[in-house]
Amino acid sequence: MNQQQPWSAETMAVVAGRPPRRAGAPVSPVVELSSTYVSAEPFGSFDDGVYGRMNNACWRDLEAAVGALEGGAALCFASGMAAGSALFALVEPGSRVVMADACYGAMLSLGQQLAAAGRFSLTLVDVSNTDAVLASLDGADWLFIESPTNPLMQVADLPALTAAAGGLGVRVVVDNTFATPLLQNPLALGAAVVLHSGTKYLAGHSDVVLGLLVTADHELELRLRAHRGLHGGILGPMEAWLALRGLRTLAVRIERQQASAGVLARRLSEHPAVSLVRYPGLPGDPGHGRAKTQMRGFGGMLSIELAGGRAAADALVAGVRLWVPGTSLGGVESLIERRRRIPAEPEAVPENLVRLSVGLEAVADLWADLQQALGSVTQLSTSAG
Ligand SMILES: Cc1ncc(COP(=O)(O)O)c(C=O)c1O
């Protein structure tokens, strides 16, 4: 890869992490299945690729690609949660952590458990309320946020928050799972670390679980690398290879998914069974202005609230035939889920909220399916009266 070439992110998603160009070399990386490597003399360090818990060629390929897209050094982990755990492990005992009050439920639960165990003190904030976040930063050490958030689709003012945090010595972690590095680069906006559930858009085919952290801070990178090697819950080479294969098509997937999400968001906002559409691409959405300035697109995720309440939300999920009722997101197939059915979901998430992850099916088919299912929801709320 020629570092001098100012290739676009779309191109980097295709070429970064590819084997060196020489006659006879494979164009696609090979899967390196080896737990150990032939020793070099003198012995250097475990990080130099002498043992499979410390390094693997498939990790390096994937990390090169995601690092190039996010503008830092990437490290892969066994899941997005393993990536989050590694970060929390770096928080010094007695620190103060500020976290989004409505973020991915398991991440919030992990932060709350660690705080309850006395590892650090925790302040929860609404990340879309910039004044509230700024007020909470004094005396804090870390700020953990998502933008857009899962599943409320709130957009945080990343430049304002990172500027204030930087002045106070607070390290900002941004979960960029929903936006992907093609639509938003938190490091360029001032964050210290980017987190990805690579399970979602990066891998993109609902066939692998992985996580990634990206940072341009070399000291943090070394500490995270050491943590991964010592704690040992690593990513398998095959999973890393699958994720890189998925990443190659990220640009075309995102383009299609967000185009369809925009169409569906507009149509859903006119449907009588829907009381609210949460999608930053809609001009009336509270996050629209911010998303326009800090993102390069609005993404393929949206949430809706049903006028008929929780029963209507359940009926919609039960009534679809093409959309797949299921958790997770960012795959080629469209997924639908009433989030509050999950016990760990934050209370800020309304009972009647249904999250939609828009896939690659024809938007006409996706809309027809929603329309037929919403038709029976409307009948249900009319007969209930
Ligand atoms: C925004 C976000 N962050 C982190 C995670 C955790 O990732 P994983 O499931 O890969 O552990 C998820 C999972 O749904 C998520 O949606």
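The structure under discussion appears in the preceding block.
Residues numbered from 1 in each chain as written. Predicted model: local features only at pLDDT ≥ 70, side-chain atom pairs only at ≥ 80, totals over all residues. Heavy atoms only, no water.

### A closer look at a nonpolar patch on the surface
Taken together, the side chains of Val-31, Leu-33 and Met-238 make up a nonpolar region of the molecular surface, amounting to roughly 270 Å² of accessible area. Relative to the helices and strands, Leu-33 is located in the loop between helix H1 (9-15) and helix H2 (57-70). Looking at Leu-33, the relative accessible area reads 69%, which means it is exposed. (Patch = residues over 30% accessible without salt bridge, like charges linked within 9 Å, V, L, I, M, F, W, Y side chains within 5 Å. Areas by Shrake-Rupley, 256 points an atom, 1.4 Å probe, with all protein chains shown as cover. Salt bridge = Lys/Arg side-chain N within 4 Å of Asp/Glu carboxyl O. Helix = DSSP H or I, 4+ residues; strand = E, 2+ residues; numbered from the N terminus. Buried < 20%, exposed > 50% of the residue type's maximum accessible area, 1.4 Å probe, protein only.)

### Remarks on helix H12 (residues 309-319)
Listing the buried residues of H12 in full gives Gly-309, Ala-312, Ala-313, Leu-316 and Val-317. Axial view of H12: buried residues confined to an arc of 135°, hence all on one face. (Arc of directions from axis to C-beta.)

### A few points about the pairing of strand E5 (residues 171-175)
Along any regular strand, the residues point their side chains to alternate faces of the sheet. Taking burial as the measure, the 5 residues of E5 include 4 buried ones, the bulk of the element. One crossover worth recording links strand E4 (residues 142-146) to the parallel E5 by way of helix H6 (residues 158-168), and it is right-handed. Where E5 meets strand E6 (residues 193-197), 3 bridges bridge the pair, whose relative direction is parallel. Bridge pairing in E6 links Asp-175 to Leu-195. (Right-handed = clockwise from strand over helix to strand, strands pointing away. Pairing = 2+ DSSP bridges.)

### What to know about the sheet that holds strand E12 (residues 353-357)
Across the sheet, which stays open at both edges, the 5 strands sit in the order E8-E9-E12-E11-E10 with mixed pairing between neighbours. Both edges of this open sheet fall to strand E8 (274-278) and strand E10 (324-325), since each of them pairs with a single strand only. On top of the sheet, H12 reaches strand E9 (301-306), E10, strand E11 (335-338) and E12; it is set at about 155° to E11, its chief contact. (Contact = heavy atoms within 4.5 Å. Axes fitted to C-alpha atoms, helices over the stretch in contact; angles between N-to-C directions.)

### Side note on the sheet that holds E4
Spatial strand order, E1-E7-E6-E5-E4-E2-E3: 7 strands in an open sheet with mixed pairing. Looking at which strands have only one partner, the edges of the open sheet turn out to be strand E1 (73-77) and strand E3 (120-125). Across the sheet, the axes of successive neighbouring strands diverge by a mean angle of 20°, strand direction being ignored. Along the sheet, H2 makes contact with E1, E6 and strand E7 (211-215), crossing E1 at roughly 130°.

### Let's talk about the site of the ligand
Not every one of the 13 residues close to the ligand is listed here, only the nearest: Met-81, Asp-175, Ser-197, Thr-199 and Lys-200. Here Asp-175 contributes a side-chain N or O atom positioned 2.6 Å from a nitrogen atom of the ligand. With respect to the ligand, the side chain of Thr-199 contributes an N or O atom lying 2.6 Å from an oxygen atom. Burial of the ligand by the surrounding chains reaches 92%, relative to a free accessible area of 390 Å². The pocket occupied by the ligand, as judged from atoms lying within 2 Å of grid points, is the largest pocket. (Near = heavy atom within 4 Å. Polar contact = N/O pair within 3.5 Å; in protein donor to acceptor, adjacent residues only side chain to side chain. 1 Å grid on protein atoms, 1.4 Å probe; cavity = no way out; pocket = protein on both sides within 12 Å on 5 of 7 lines; lining within 4 Å. Sits in = over half its atoms within 2 Å of the grid points.)

### Quick word on the pairing of E1
Of all 5 residues that make up E1, 4 are buried, and the element is covered over most of its length. Sheet analysis places E1 next to E7, joined by 5 bridges and oriented antiparallel. What sits directly across from Leu-75, in E7, is Leu-213.

### Here's the deal with unusual backbone geometry
The residue after Glu-41, namely Pro-42, is reached through a cis peptide bond having omega -5°. By the element assignment, Pro-42 lies in the loop between H1 and H2. Look at Thr-180: it is not a glycine, yet its phi comes out positive at around 70°. Along the chain, Thr-180 turns up in helix H7 (residues 180-183).

### Here's the deal with the packing of aromatic side chains
A full pass over the atoms with the stated rule returns 4 aromatic pairs. Each ring, one from Phe-88 and one from Phe-144, has its centre 4.5 Å from the other, and the planes form 10°; the classification is stacked. Of this pair, Phe-88 sits in helix H3 (residues 80-90) while Phe-144 sits in strand E4; the two residues are 56 residues apart in sequence, bridging distant segments of the chain. Take Phe-88: its relative accessible area is 1%, and that puts it in the buried class. For Phe-144, a relative accessible area of 7% translates into the label buried. With 6.5 Å between their ring centres and 70° between their planes, Tyr-279 and Phe-298 make a pair best called edge-to-face. Taken together, the residues span a long stretch of sequence, with Tyr-279 in the loop between E8 and helix H11 (288-294) and Phe-298 in the loop between H11 and E9 at a distance of 19 residues. Residue Tyr-279 is classed as buried on the basis of its relative accessible area of 3%. Residue classification places Phe-298 among the partly exposed residues on the basis of a relative accessible area of 23%. Members of the aromatic cluster, connected to one another through ring pairs, are Phe-88, Phe-120, Trp-142 and Phe-144. Taking the ring centre of Phe-77 as reference, the NZ or CZ of Arg-228 above it sits at 5.9 Å. (Phe/Tyr/Trp six-rings, centres within 6.5 Å; stacked < 30°, edge-to-face > 60°. Lys NZ or Arg CZ within 6 Å of the ring centre and 35° of its normal.)

### Here we look at empty space enclosed by the protein
Overall, the coordinates contain 1 cavity of 30 Å³ or more when judged by the stated rule. By volume, the largest cavity is sized at about 90 Å³. Looking at the largest cavity, the residues that line it are Met-99, Cys-103, Met-107, Phe-144, Ile-145, Glu-146, Val-173, Asp-175 and Leu-195. No other element matches E4, which puts 3 residues into the lining of the largest cavity. The class makeup of the residues in the lining of the largest cavity is 7 nonpolar, no polar and 2 charged. (Points joined across faces, edges and corners; volume = space filled by probe spheres on them. Nonpolar A, V, L, I, M, F, W, Y, C, P; charged D, E, K, R; others polar.)

### Let's talk about the packing of H3 against helix H4 (residues 105-116)
Running from amino to carboxyl end, H3 crosses H4 at an angle of 30°, the nearest separation of the two axes being 10 Å. By the angle class used here, H3 and H4 are roughly parallel. For the pair H3 and H4, the sense of crossing is right-handed. The residues of H4 that touch H3, namely those facing Gly-80, Met-81, Gly-84, Ser-85 and Phe-88, are Ala-106, Met-107, Leu-110, Gly-111 and Leu-114. When grouped by side-chain class, the residues that make up the contact of H3 with H4 number 6 nonpolar, 4 polar and no charged. (Parallel < 35°, antiparallel > 145°, perpendicular 65-115°, else oblique. Left-handed = near helix turned anticlockwise from the far one by under 90°.)

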